[in-house]
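Spelled out from the first residue to the last, the chains are:
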There are 2 protein chains.
Amino acid sequence: MVSARVARGAPAPIGVFDSGIGGLTVAHEIIRQLPHESVIYFGDTARVPYGPKSPDTVRRYSREIASFLREQGVKNIVIACNTATAHALGTLREEFDMPIVGVVEPGARAAVAATRRGHIGVIGTVGTIKSGAYERAIRALNPDVMITARACPLFVPLVEEGWTDHPATRLVAKEYLAPMLEADIDTLVLGCTHYPLLKPLLGEVLGPDVRLIDSAEETAAETARALHDESLAAAADAEPNYRFIASDDPLQFLQLGQRFLGGAIEGVEIRTLG
Amino acid sequence: MVSARVARGAPAPIGVFDSGIGGLTVAHEIIRQLPHESVIYFGDTARVPYGPKSPDTVRRYSREIASFLREQGVKNIVIACNTATAHALGTLREEFDMPIVGVVEPGARAAVAATRRGHIGVIGTVGTIKSGAYERAIRALNPDVMITARACPLFVPLVEEGWTDHPATRLVAKEYLAPMLEADIDTLVLGCTHYPLLKPLLGEVLGPDVRLIDSAEETAAETARALHDESLAAAADAEPNYRFIASDDPLQFLQLGQRFLGGAIEGVEIRTLG
């Protein structure tokens, strides 16, 4: 589906980064919605996960990656990681002179558009939930919405173990989501790019009345708007190319990554950071 | 229980490091067995976990930490992390001119001493199990032992979530340990410094006939021997001091660390690496 290198003459690429492979769900949606744009994806697999780490450390890592992507000639940056968006979006917008899109605002917008009774649940990593980034983004759009938030630190390792439909995962989900059911949410934001792989199981636990929001689609749409506003969009006849770069073991990235990208990855480069 | 800084005139400290807080179970045992030795503990909490990462990356991180500990004046180094021992023990022994003790050989020795029917199980991170380090160490001591090994990547996040006695953890343990029960092991090496916190639950799943080996005690004993052999042991009237250093958020280290050290930690310094 995707080739490994940006060809000569290809448009300047969109830089997309994540702590690891989860952000490939966002890259997938960008590739689908913007078929003429080239993409460089960076997964910080040597330092994954960001979820339990401090805001300062996540900001430092995000800044290093953004600098690397800028060196690679990207025209904008998509932070395809909720924790990095929560901690580093403001910093990168201040320090980098290009459009920077995160996943939190698009996810919040999609949730506010989807809610029927005005009660939204948010799940994410410890870092994302502690930051309160979703609450702020949702309330900025609609101050009357009720929000129930909960960190779900075991979901990422369960997804990476491949246990997306396992009794243990169901047990963990029931415990994590009990406060959501009690609070009678009507919409749940999947505030971590790993969680879309748990959609069927989460839907089963929460029942058909709760809408599940993943921000990939809306983030890709916002990326398109940002490129258009800055006259940075690729020409309609441009030939896109894709590069995938990881800070650790390319083989592991290749193997796990296919599940997240929803298509074959032909080659992964390795780049040490930090 | 422990004070925060090495006092002037204290003996040169033992350097102990781990990817995070798990190695505090080893530091605890060193402090207990060697009450006159000072200790500097480094937890690489900014880059934890090492378990799923490649040997090259783990070696690079281990080398950086060992260099930092040498700068702090340690007289020897204890690698209190199974994954780092599996990937980096040989490298550090080559590159650092001081005694280096890992946790794999001591754990293997304890297991070979404990087994009655000669069938040992080994559990650990993906990195530790893939490396085959325990198999090699056990067979070097007794080539006739049968070994059943399995990676248990969910145990570390379950312990860090505090779910050491939770139905989900029991379900995960039953699945991970099923091959051990089938193979009829009589001894199980807990090949990750997080796992001792799961001892009661693992004992319940495996039954009373399986001995559980954690290498902390034997590693401390080997450290004592190494210091004695090199005439590096502290004087019998030396006043020990303890320093705890983390590469990320000291507060989190403090909170989680108490459970692993089995005692109060008075202060944690922060030091950025990499």
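Residues numbered from 1 in each chain as written. Chains lettered and ligands numbered in written order. Predicted model: local features only at pLDDT ≥ 70, side-chain atom pairs only at ≥ 80, totals over all residues. Heavy atoms only, no water.

## Brief notes about the relation of the copies chain A and chain B
Heads up, the rule is: Alignment of copies: least-squares fit on C-alpha atoms of residues with pLDDT of at least 70 in both copies. Only heavy atoms matter for contacts: two residues are in contact if any of them lie within 4.5 Å across the pair.
For the match of chain A to chain B, the screw axis carries a shift of 0.0 Å, the RMSD comes to 0.0 Å, and the turn is 180 degrees. Given the turn and translation reported, the copies of this chain are related as if by a two-fold rotation axis. Of all interface residues in chain A, 100% are interface residues in chain B too; the two copies therefore contact each other through one and the same surface.

## Side note on the interface of chain A and chain B
What counts here: By buried area we mean how much accessible surface two parts lose on assembly, using a 1.4 Å probe and totalling the loss over both. Any N or O atom pair separated by 3.5 Å or less is treated as a polar contact, with the protein-specific requirement of one donor-capable and one acceptor-capable atom, and with residues adjacent in sequence counted only for side-chain atom pairs. Strands are runs of DSSP state E lasting at least two residues, helices are runs of H or I lasting at least four, and both sets are numbered from the N terminus onward. Each residue receives one of three labels: charged for Asp, Glu, Lys and Arg, nonpolar for Ala, Val, Leu, Ile, Met, Phe, Trp, Tyr, Cys and Pro, and polar for the others, Gly being one of them.
At the junction of the two partners, chain A supplies 31 residues and chain B supplies 31 residues. Counting the surface lost from both chain A and chain B, the interface buries some 2,400 Å², and carbon and sulfur atoms represent 57% of this. The interface formed by chain A and chain B includes 16 residue pairs in polar contact (both at pLDDT 80 or more). Of all the secondary-structure elements, those providing two or more residues to the side of chain A that touches chain B are helix 2 (55–71), helix 7 (155–160) and helix 8 (167–182) of chain A. Top element by residues in the side of chain A that touches chain B is helix 8 of chain A. It accounts for six residues. For the side of chain A that touches chain B, the residue count by class is 16 nonpolar, eight polar and seven charged.

## Topic: the packing of aromatic side chains
Applied cut-off: Stacked, tilted and edge-to-face pairs are distinguished by plane angle, under 30 degrees for stacked and over 60 for edge-to-face with tilted covering the rest, among Phe, Tyr and Trp rings (Trp via its six-membered ring) whose centres lie within 6.5 Å. Partly exposed describes any residue whose relative accessible area lies between the buried limit of under 20% and the exposed limit of over 50%, with all areas from a 1.4 Å probe on protein chains only and scaled to the type maximum.
Under the defined criterion, the tally for this structure stands at 14 aromatic pairs over all chains. An angle of 45 degrees between the planes, with centres 5.6 Å apart, marks the rings of Trp163(A) and Tyr176(B) as tilted. In this pair, Trp163(A) is assigned in the loop between helix 7 and helix 8 and Tyr176(B) in helix 8 (residues 167–182), connecting two distinct chains. The class of Trp163(A) is buried, set by a relative accessible area of 9%. Tyr176(B) gets classed as buried once you look at its relative accessible area, which sits at 0%.

## Some thoughts on helix 6 (residues 133–141) of chain B
Residue and element names in this part refer to chain B. The condition is simple: When we speak of the arc, we mean the arc of directions from the helix axis to the C-beta atoms.
Taken together, the buried positions of helix 6 are Ala133, Tyr134, Ala137 and Ile138. Taken around the axis of helix 6, the buried residues stretch over an arc of 120 degrees, which confines them to a single face. In helix 6, those exposed residues whose orientation departs by more than 90 degrees from the buried face are Arg136 and Ala140. Buried residues along helix 6 sit in contact with helix 3 (82–95), helix 4 (104–114), strand 5 (119–124), helix 5 (126–131), strand 6 (146–151) and strand 7 (187–191).

## Section: the domain arrangement of chain A
All names here are of chain A. Rules: Each domain's limits were defined by an automated method or a database of domain assignments. Within this document, salt bridges are pairs made up of a side-chain nitrogen of Lys or Arg and a carboxyl oxygen of Asp or Glu, the two lying within 4 Å of each other.
Domain boundaries assigned for chain A yield domain 1 (14–102 + 218–270) and domain 2 (104–215). Here the C-alpha centroids of domain 1 and domain 2 sit 22 Å apart. Opposite the 23 residues of domain 1 that make contact, domain 2 presents 21 residues. Each partner contributes to the roughly 1,700 Å² buried at the junction of domain 1 and domain 2, and carbon and sulfur atoms together form 53% of this total. Per-residue buried area on domain 1 facing domain 2 is highest for Asn82, Glu218 and Arg259; these three make up 31% of the total on that side. Put simply, domain 1 and domain 2 have three salt bridges between them. A salt bridge links Arg109 to Glu222, with the nearest nitrogen and oxygen atoms 2.2 Å apart. For the interface between domain 1 and domain 2, the tally reads 13 residue pairs in polar contact (both at pLDDT 80 or more). When contributions to the side of domain 1 that touches domain 2 are tallied by element, the ones reaching two or more residues are helix 1 (24–33), helix 3 (82–95), helix 10 (216–229) and helix 11 (250–261). In terms of residue count, helix 3 provides more of the side of domain 1 that touches domain 2 than any other element does, seven residues in total. Residue classes in the side of domain 1 that touches domain 2 are distributed as seven nonpolar, ten polar and six charged.

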